[in-house]
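As a plain string of letters, each chain reads:
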Amino acid sequence: AKSNSQMMTMVVVVAIIMALGGVIGGMLVMFAAIAQRIKDIGVMRVVGYKRWQILVSFMLESLAIALLGGLLGVFLILAVDSLMS
């Protein structure tokens, strides 16, 4: 029972470290994506877009990309499933 407890503690510690690494990695990717779009945001501001309009455009773009990715994943799984059965 003691070795099981020690093993579980090690698993939890490794899981926490991996989760933190994933969160930090995600934050870095998002920061890089935003940093590359600074010029786009500046042009939109100069043309006359308000902050909320820029936010909505980025949110809609993210939603469209997520929807397309999700649909592509579903269709790929359906294709693989039909090939396997």
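Note that this is a predicted model, so its numbers are computed, not measured.

Draft legend 1. Structural view of the overall build of the protein. From N to C terminus, the protein includes three helices and zero strands. Mapped from its N terminus to its C terminus, the protein presents α and β elements in the order α-α-α. Its C-alpha atoms give the protein a radius of gyration of 21 Å, clearly above 12 Å, the size a compact globule of 85 residues would have. Oriented by its inertia axes, the alpha-carbon framework of the protein measures out at about 65 × 40 × 20 Å. Every one of the 85 residues in the protein was classed for burial, and the buried ones make up 4%. Counting only carbon and sulfur atoms, one obtains 78% of the accessible surface of the protein, whose full area is about 7600 Å².

Draft legend 2. Local environment of the packing of helix α2 (residues 38–47) against helix α3 (residues 51–84). Here α2 crosses α3 at 135°, and the two axes come no closer than 10 Å. With respect to α3, the axis of α2 lies oblique. Considering how the two elements wind past one another, α2 and α3 form a crossing that is right-handed. Side by side, α2 and α3 meet where Ile41, Met44 and Arg45 of the first sit next to Arg51, Ile54, Ser57 and Phe58 of the second. Its residues assigned to classes, the contact of α2 with α3 comprises four nonpolar, one polar and two charged.

Draft legend 3. Inspection of a nonpolar patch on the surface at higher detail. Nonpolar side chains collect at one region of the surface, where Met7, Met8, Met10, Val11, Val12, Ile16, Leu20, Val23, Ile24, Met27 and Leu28 lie side by side and expose about 1100 Å² of accessible area between them. Looking at the secondary structure, you find Met10 in helix α1 (residues 2–36).

Draft legend 4. Representation of the pattern of salt bridges. Counted according to the given criterion, the structure contains two salt bridges. In this structure, Arg37 engages Asp40 in a salt bridge whose closest nitrogen and oxygen atoms are separated by 3.1 Å. The class for Arg37 is partly exposed, based on a relative accessible area of 25%. Linking Glu61 and Arg37 is a salt bridge whose minimum nitrogen-to-oxygen distance equals 3.1 Å. Within this pair, whereas Glu61 is found in helix α3, its partner Arg37 is found in the loop between α1 and α2, the two being separated by 24 residues in sequence. For Glu61, a relative accessible area of 33% gives the class partly exposed. Linked by salt bridges that have partners in common, Arg37, Asp40 and Glu61 make up one network.

Definitions and cut-offs
- Residues numbered from 1 in each chain as written.
- Predicted model: local features only at pLDDT ≥ 70, side-chain atom pairs only at ≥ 80, totals over all residues.
- Heavy atoms only, no water.
- Helix = DSSP H or I, 4+ residues; strand = E, 2+ residues; numbered from the N terminus.
- Rg over C-alpha atoms; globule rule 2.2 N^0.38 Å.
- Buried < 20%, exposed > 50% of the residue type's maximum accessible area, 1.4 Å probe, protein only.
- Areas by Shrake-Rupley, 256 points an atom, 1.4 Å probe, with all protein chains shown as cover.
- Axes fitted to C-alpha atoms, helices over the stretch in contact; angles between N-to-C directions.
- Parallel < 35°, antiparallel > 145°, perpendicular 65-115°, else oblique.
- Left-handed = near helix turned anticlockwise from the far one by under 90°.
- Contact = heavy atoms within 4.5 Å.
- Nonpolar A, V, L, I, M, F, W, Y, C, P; charged D, E, K, R; others polar.
- Patch = residues over 30% accessible without salt bridge, like charges linked within 9 Å, V, L, I, M, F, W, Y side chains within 5 Å.
- Salt bridge = Lys/Arg side-chain N within 4 Å of Asp/Glu carboxyl O.

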